[in-house]
Amino acid sequence: MLTTDHLSADFWLAKVADADQLLLTSAQISARNSKTFALQPEMNRLADLPASLPAARLAAIIDSASASAKHPRFYANGEAVTASQWQTYRQNLNSEAVKADNPVRFALVVKRTDLRSMPTEDRVHNEQMALDLDRFQETALFPGEPIAVLHLSSDSNWLLVQNYHYTGWVQAADVAIGSRQQVLDYSEQTPFLLVTGARATTSYTPAVPAISKLLLDMGTRLPLLSTDDTGHNVHGQNPHASYIVKLPVRNSDGSLAFTPALIARQQDVSIGYLPYTPANVLKQAFKFLGDRYGWGHDYDSRDCTGFIIEIYRSFGLLMPRNSGQQGEGRYGSNIRFSDQSSDSDKLDAISQARVGDLIYRPGHVMLYLGSDNGEPFVIHSVHELAYFSDMGATEDSQTQSTPALYQGILNGVAVTPLTPLRLSADHSYLDKIYAIKSLR
């Protein structure tokens, strides 16, 4: 059912009428973002944060970001995390240092870094020992991203930070502390360069190792500079064939400074956001095809929601981090299904979906590509894969063949037909789909 033709954006583009139609203008995207922030409690406008947090509020934030696991956790060697080890992690939360009044500081991220539920680099896993899924890993932050700094760990190596849609612990060495005004102004500066490839890098810069070959993910936004700002020698290279961007760097005392950096014009970047069109949605999605799955942006990659978020950040559209927050969220246009909805009800709704619409089942999101020969297809970043297969089928006493359930690991960004996908022998993806969301 899946062919190599399905693995090309052009195949799906050929099926789309008005592929270059502008779906939302920049003003409409800004209005959509404002509505999303108003509707979704997990979304945070950093400019709206107070100058300080009272003790009760900060304590609640720490408890929420670093909540105790509901199920046992294990290290990669199979040993369970003991009560004593949990206590060590919790002690590093530094909850006893919360004061009656706690200043909110601001910072910019200086390198791609993990955002974690506990201030530790230790990896822990569930009872199934899925070693690709580190249960302390939540998401990632990208260079130039503004954050609010709320708290410091006991060992002083970690900061509890909040970005526009998540709160967690980040290594202090990966961020630079500035003033509120410095940080917020940087994030709004124009003109700006946007990374539109799955990833880009700054140019090799031996004079400043901190900005040399710096990894930049899709959707990363960096202010543009000109030779009027920098001259014609940027860290030993003439910038005539490059874009000059303004990068945050960390001084030895952890404070914020800025330096120019070069991004070669041959890299996949854009001045400003891409137009939000069906064609661009498809093109952006297929730039990730075959990338390794990365739970919580692990492995310098992305999971199902990170995949979706980075596609839509290319157009300036922002959304919550987790699939449940997205699928259950009230932003966008939503079709909801209940436990009483039949598979035919869902298939009828999917047949009316448009390219780029998002399909949600518990714990997962997929981007709708269209249909081929009556079968709906999706592109998604997916860890596990299951479907019924005639290979390994069994025969009953009357020689009727019963397909066997194949269960394996896909672990990448893939194009798949939707209806064969299974969660188990008893439940399909289709059974569990609860929402279709459009951001048009």
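Above this note sits the structure.
Here we summarise the structure given alongside this text.

Reading the values: rules and limits
- Residues numbered from 1 in each chain as written.
- Predicted model: local features only at pLDDT ≥ 70, side-chain atom pairs only at ≥ 80, totals over all residues.
- Heavy atoms only, no water.
- Helix = DSSP H or I, 4+ residues; strand = E, 2+ residues; numbered from the N terminus.
- Rg over C-alpha atoms; globule rule 2.2 N^0.38 Å.
- Buried < 20%, exposed > 50% of the residue type's maximum accessible area, 1.4 Å probe, protein only.
- Contact = heavy atoms within 4.5 Å.
- Areas by Shrake-Rupley, 256 points an atom, 1.4 Å probe, with all protein chains shown as cover.
- Lys, Arg positive; Asp, Glu negative; His and termini not counted.
- Charge placed at Lys NZ, Arg CZ, Asp CG, Glu CD.
- Core = buried A, V, L, I, M, F, W, Y, C linked by side-chain atoms within 4.5 Å.
- Polar contact = N/O pair within 3.5 Å; in protein donor to acceptor, adjacent residues only side chain to side chain.
- Phe/Tyr/Trp six-rings, centres within 6.5 Å; stacked < 30°, edge-to-face > 60°.
- Lys NZ or Arg CZ within 6 Å of the ring centre and 35° of its normal.
- Pairing = 2+ DSSP bridges.
- Axes fitted to C-alpha atoms, helices over the stretch in contact; angles between N-to-C directions.

On to the overall build of the protein chain. Tallying secondary structure elements over the protein chain gives eleven helices and 22 strands in all. In summary, the protein chain has a C-alpha radius of gyration of 23 Å against a globular reference of 22 Å for 440 residues, a match within 12%. Considering only C-alpha atoms, the protein chain reaches an extent of 75 × 55 × 40 Å along its principal axes. Expressed as a percentage of the 440 residues in the protein chain, the buried residues total 54%. Here the contacts in the protein chain between residues at least 6 apart in sequence split such that 68% fall between residues at least 24 apart. Within the structure as shown, the protein chain displays about 19600 Å² of accessible surface, and the carbon and sulfur contribution to it stands at 49%. The positive charge centre, built from 37 side chains, and the negative charge centre, built from 46, are 6 Å apart in the protein chain.

Once that is clear, we can look at the nonpolar core. Ranked by internal contacts, the top residues of the largest apolar core, which has 46 residues, are L150, L160 and V245. Ignoring sequence-local partners within four residues, the contact set of V245 consists of L193, L222, P223, L224, L225, T259, P260, A261 and I263. L39, A198, V281 and I309 belong to the second-largest nonpolar core, a separate cluster that totals 45 residues.

Here T190 and P191 are connected by a cis peptide whose omega angle stands at -5°. Although it is not a glycine, N411 sits at a positive phi angle of roughly 60°.

This part is about the environment of S314. Structurally, S314 is set in the loop between α8 (304-313) and α9 (323-328). Overall, the relative accessible area of 0% leaves S314 in the buried class. Remark: the alpha-carbon pair of S314 and L262, spanning 52 residues in sequence, is separated by 20 Å. There is a polar contact of 3.2 Å between the side chain of S314 and the backbone oxygen of I311.

This paragraph deals with the packing of aromatic side chains. Scanning the entire structure with this criterion turns up 13 aromatic pairs. Judged by centre distance (4.9 Å) and plane angle (85°), the ring pair of F11 and W12 falls under edge-to-face. With centroids separated by 5.3 Å and ring planes inclined at 85°, the aromatic side chains of Y89 and F136 adopt a geometry described as edge-to-face. One end of the pair, Y89, is in helix α4 (residues 83-91); the other, F136, is in the loop between β4 (113-116) and β5 (137-141), with 47 residues separating them in the sequence. Ring pairs connect the aromatic residues F11, W12 and F377, which therefore count as one cluster. Over the face of the ring belonging to Y243 we find R265, whose NZ or CZ atom lies 4.3 Å from the ring centre. The side chain of K437 reaches across the aromatic face of Y331, ending 3.9 Å from its centre.

Attention now moves to the sheet that holds strand β14 (residues 242-250). Within a beta sheet, neighbouring strands are joined by backbone hydrogen bonds and run either parallel or antiparallel to one another. Ordered by their spatial adjacency, five strands build an open sheet running β15-β14-β13-β10-β16, and the pairing between neighbours is antiparallel. At either end of the open sheet lies a strand with only one pairing partner, and these are β15 (256-264) and β16 (269-271). Each strand of the sheet is rotated relative to its neighbour by a mean of 40°, with strand direction disregarded.

It is a general feature of regular strands that their side chains alternate between the two faces of the sheet. Counting buried positions along strand β19 (residues 364-372) yields eight of nine residues, so the element is predominantly enclosed. The turn linking strand β18 (residues 358-361) back onto β19 is made up of two residues, and G363 within it adopts a positive phi angle of 80°.

With that settled, consider helix α7 (residues 278-286). Burial of α7 is extensive: eight of the nine residues sit out of reach of the surface. By the burial criterion, the buried members of α7 are P278, A279, N280, V281, L282, Q284, A285 and F286.

Within the fold, S428 resides in the loop between β21 (401-417) and α11 (429-432). A distance of 3.3 Å separates a polar atom in the side chain of S428 from the backbone nitrogen of L430. With near-sequence residues (within four places) excluded, S428 lies in contact with L421, R422 and L423.

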